[in-house]
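# Architecture at a glance
What follows is the residue order along each chain.
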Amino acid sequence: MAQEKGIRIIMLGDFIIACNGVPLKLERTNTTKAMQALQMLIYYKDTGLPRNVFMDALYSRDDNITDPANNLKVTVSNLRRLLQRAGLPDVAIRFQGGSYYWQCEQPTEIDVEAFQAQVKRCRGLQGDALAAELEKACALYTGDFLPHLQAEDWVIAAAVHFREMYFKCVRTLAAYFQEKGDYNRLLEIAAQAAALYPLEEWKILHIESLIAMERYQEAKSVYEDAVATLQKEYDIKPSPRLLECLRRIDRSTESKNVTINELQGLLKESEAMAGAYYCALPSFIDAYRVVSRILERNGQSAYLMLCWMVDGKGHPITDKEKASKAGEKVSKAICSTLRRGDTYTQPALDRFLILLMGTNLENCSVVSGRIDANYRKDPARGITLRYKLAPVSDMASEEMFQEKPCWT
């Protein structure tokens with residue numbers, strides 16, 4: 001996708017039309033009916049779009065449309081004017097034989113076509129030649145097909161097709177690089193896959209490539225990020241395979257001949273951050289158990305605070321996207337309210353656990369009030385917070401670590 005002359009179209013990870021290297025601003029968003037029509041016409045430019053298929057894709061879900069055939073004509077007319085205003089006189093929307101076609105007289109390059117063509121070049125190849133062509137294919141894949149239209153049936157089908165094509169390229173490359181012991185190239189494609197899709201498969205591949213290169217601290221950071229993402233985005237715990245990665249990191253670190261100063265450098269925070277310390281649930285559980293043992297010896301007190309989100313009627317938040325966005329605001333409020341010596345985690349989208357050190361029951365109520373006050377400075381609409389407390393010494397509080405659909 002290096003050409004500057006002519007028209008270049010990006011459909012993977014975004015939708016951009018550039019003419020002679022200059023991106024064109026067609027409309028405010030890529031989701032209007034005219035822009036949806038444009039993206040469909042470009043994608044189906046070789047086969048054309050039958051009028052009934054075109055009409056159904058644009059208006060079948062809109063109950064307010066009484067004359068979809070007329071609406072299609074209006075949308076296409078608006079699109080033609082849009083293209084003219086954008087300075088694309090060589091582009092036309094043609095109707096022939098009952099179908100609509102995208103027609104362009106200028107040289108045109110589309111990233112989806114370039115990606116598919118590059119994958120086809122890999123057929124029949126083996127060894128280093130295959131790996132080189134697969135790497136080029138992976139470099140062309142920059143994200144999901146038209147991510148802003150992921151609710152549309154035609155986009156879902158295409159996105160799944162291209163995503164699986166990309167995954168197959170990565171898996172083939174990973175197996176080849178692992179067999180060859182070429183961990184530098186393995187790391188490159190693993191890091192790209194994990195960045196595009198934070199799935200456990202790619203996170204593990206990323207971690208394993210770092211372990212093979214003895215970059216254990218980086219591997220530990222990727223592991224912690226993977227665990228946090230799985231908990232926050234997907235509300236699931238790490239698999240045995242991911243936990244095995246952590247054990248491999250720990251064993252490798254233990255076997256290295258390092259000084260205590262070097263180990264201390266690994267243990268320290270990279271920079272002094274204000275507010276409470278956030279950690280993933282497995283680390284939080286370890287912290288809780290260590291604190292519980294320390295309190296048995298020194299007689300101090302600590303409390304475990306549960307904070308969960310409810311709607312205006314006190315019901316659990318069932319919308320995952322809404323809970324995720326609200327959770328970011330709640331996390332910010334908790335972090336800014338608490339001291340550096342306090343620790344918290346987010347075991348699910350709708351709830352937080354907070355470990356309050358050296359405090360009493362009365363002060364815990366003050367803390368929850370301050371969290372509320374900070375949250376109200378930038379609240380999520382229609383979402384309020386509830387709290388529950390348990391002394392750390394109380395073994396019954398262990399039930400707070402168990403997975404539940406919501407907290408009541």
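Residues numbered from 1 in each chain as written. Predicted model: local features only at pLDDT ≥ 70, side-chain atom pairs only at ≥ 80, totals over all residues. Heavy atoms only, no water.

Glancing now at the overall build of the protein chain. Within the protein chain one finds 14 helices and 12 strands. Out of the 408 residues in the protein chain, the part that is buried amounts to 43%. Sequence-distant contacts in the protein chain: of pairs separated by 6 or more residues, those separated by 24 or more amount to 65%. Within the structure as shown, the protein chain displays about 22,000 Å² of accessible surface, and the carbon and sulfur contribution to it stands at 50%. (Helix = DSSP H or I, 4+ residues; strand = E, 2+ residues; numbered from the N terminus. Buried < 20%, exposed > 50% of the residue type's maximum accessible area, 1.4 Å probe, protein only. Contact = heavy atoms within 4.5 Å. Areas by Shrake-Rupley, 256 points an atom, 1.4 Å probe, with all protein chains shown as cover.)

On to the layout of surface pockets. Put simply, the second largest pocket is a space of about 260 Å³. Q116, V119, K120, C122, R123, L130, L134, H161, M165, K168, C169 and T172 together form the lining of the second largest pocket. With 5 residues, helix 6 (residues 153-180) is the largest single contributor of residues to the lining of the second largest pocket. (1 Å grid on protein atoms, 1.4 Å probe; cavity = no way out; pocket = protein on both sides within 12 Å on 5 of 7 lines; lining within 4 Å. Points joined across faces, edges and corners; volume = space filled by probe spheres on them.)

Here we come to unusual backbone geometry. Of note, the phi angle at N20 is positive, near 55°, even though the residue is not glycine. Structurally, N20 can be placed in the loop between strand 2 (16-19) and strand 3 (22-23).

Bringing the state of the cysteines into the picture now. Within this structure, the stated rule accounts for 0 disulfides. Lacking any disulfide linkage, C122 is separated from the closest cysteine sulfur, that of C169, by 5.9 Å. Looking at C169, it has no disulfide partner, and the nearest cysteine sulfur is the one in C138, 5.0 Å off. A relative accessible area of 4% places C169 in the buried class. (Disulfide = S-S within 2.5 Å.)

The next subject is the packing of helix 4 (residues 111-120) against helix 6. Relative orientation of the contacting elements helix 4 and helix 6 amounts to 40°, with a least axis distance of 11 Å. Judged by the inter-axis angle, helix 4 sits oblique to helix 6. As helix 4 packs across helix 6, the resulting crossing turns out to be left-handed. Note on element contacts: helix 6 touches helix 4 through H161, F162, M165, Y166 and C169, opposite V112, F115, Q116 and V119. Partitioned by chemical class, the residues of the contact of helix 4 with helix 6 number 7 nonpolar, 2 polar and no charged. (Axes fitted to C-alpha atoms, helices over the stretch in contact; angles between N-to-C directions. Parallel < 35°, antiparallel > 145°, perpendicular 65-115°, else oblique. Left-handed = near helix turned anticlockwise from the far one by under 90°. Nonpolar A, V, L, I, M, F, W, Y, C, P; charged D, E, K, R; others polar.)

Here the focus is the confidence of the model for the protein chain. Looking at the protein chain as a whole, the pLDDT averages 86, with 90% of positions reaching at least 70. Here helix 11 (residues 260-267) stands out as the element of the protein chain with the lowest mean pLDDT, 63, in contrast to helix 4, whose mean of 97 is the highest. Of the regions scoring below 50 in pLDDT, residues 395-408 engages in 39 contacts with residues more than four places distant in sequence or in other chains. (pLDDT = per-residue confidence, 0-100.)

What follows deals with the pattern of salt bridges. Applying the stated rule across the entire model yields 18 salt bridges. E113 is the partner of K45 in a salt bridge, and the nearest nitrogen-oxygen pair spans 3.1 Å. Remark: E113 occurs in helix 4 and K45 occurs in the loop between helix 1 (33-43) and strand 4 (49-50); sequence separation between them is 68 residues. The partner of D225 in a salt bridge is K203, and the shortest N-O contact between them spans 2.6 Å. Of this pair, D225 sits in helix 9 (residues 216-234) while K203 sits in helix 8 (residues 200-212); the two residues are 22 residues apart in sequence, bridging distant segments of the chain. Owing to a relative accessible area of 37%, D225 belongs among the partly exposed residues under this scheme. (Salt bridge = Lys/Arg side-chain N within 4 Å of Asp/Glu carboxyl O.)

Between its first and last C-alpha, helix 12 (residues 281-298) extends 26 Å over 18 residues, near the 26 Å set by a 1.5 Å rise per residue. Every buried residue of helix 12 is listed here: L281, F284, I285, Y288, V291, S292 and L295. For helix 12, the buried positions fall inside an angular range of 130° around the axis, keeping them on one side. When the buried face of helix 12 is taken as reference, the exposed residues oriented beyond 90 degrees from it are R293 and R297. Residues of helix 12 that are buried in the fold lie against helix 9, strand 9 (302-310), strand 10 (343-348) and strand 11 (351-357). (Expected span 1.5 Å × (residues − 1). Arc of directions from axis to C-beta.)

Here we come to a nonpolar patch on the surface. Together, L199, Y234 and I236 make up a nonpolar patch on the protein surface, roughly 250 Å² of accessible area in all. Summarising the element assignment, Y234 is placed in helix 9. Taking relative accessible area as the criterion, Y234 reaches 37% and is therefore assigned partly exposed. (Patch = residues over 30% accessible without salt bridge, like charges linked within 9 Å, V, L, I, M, F, W, Y side chains within 5 Å.)

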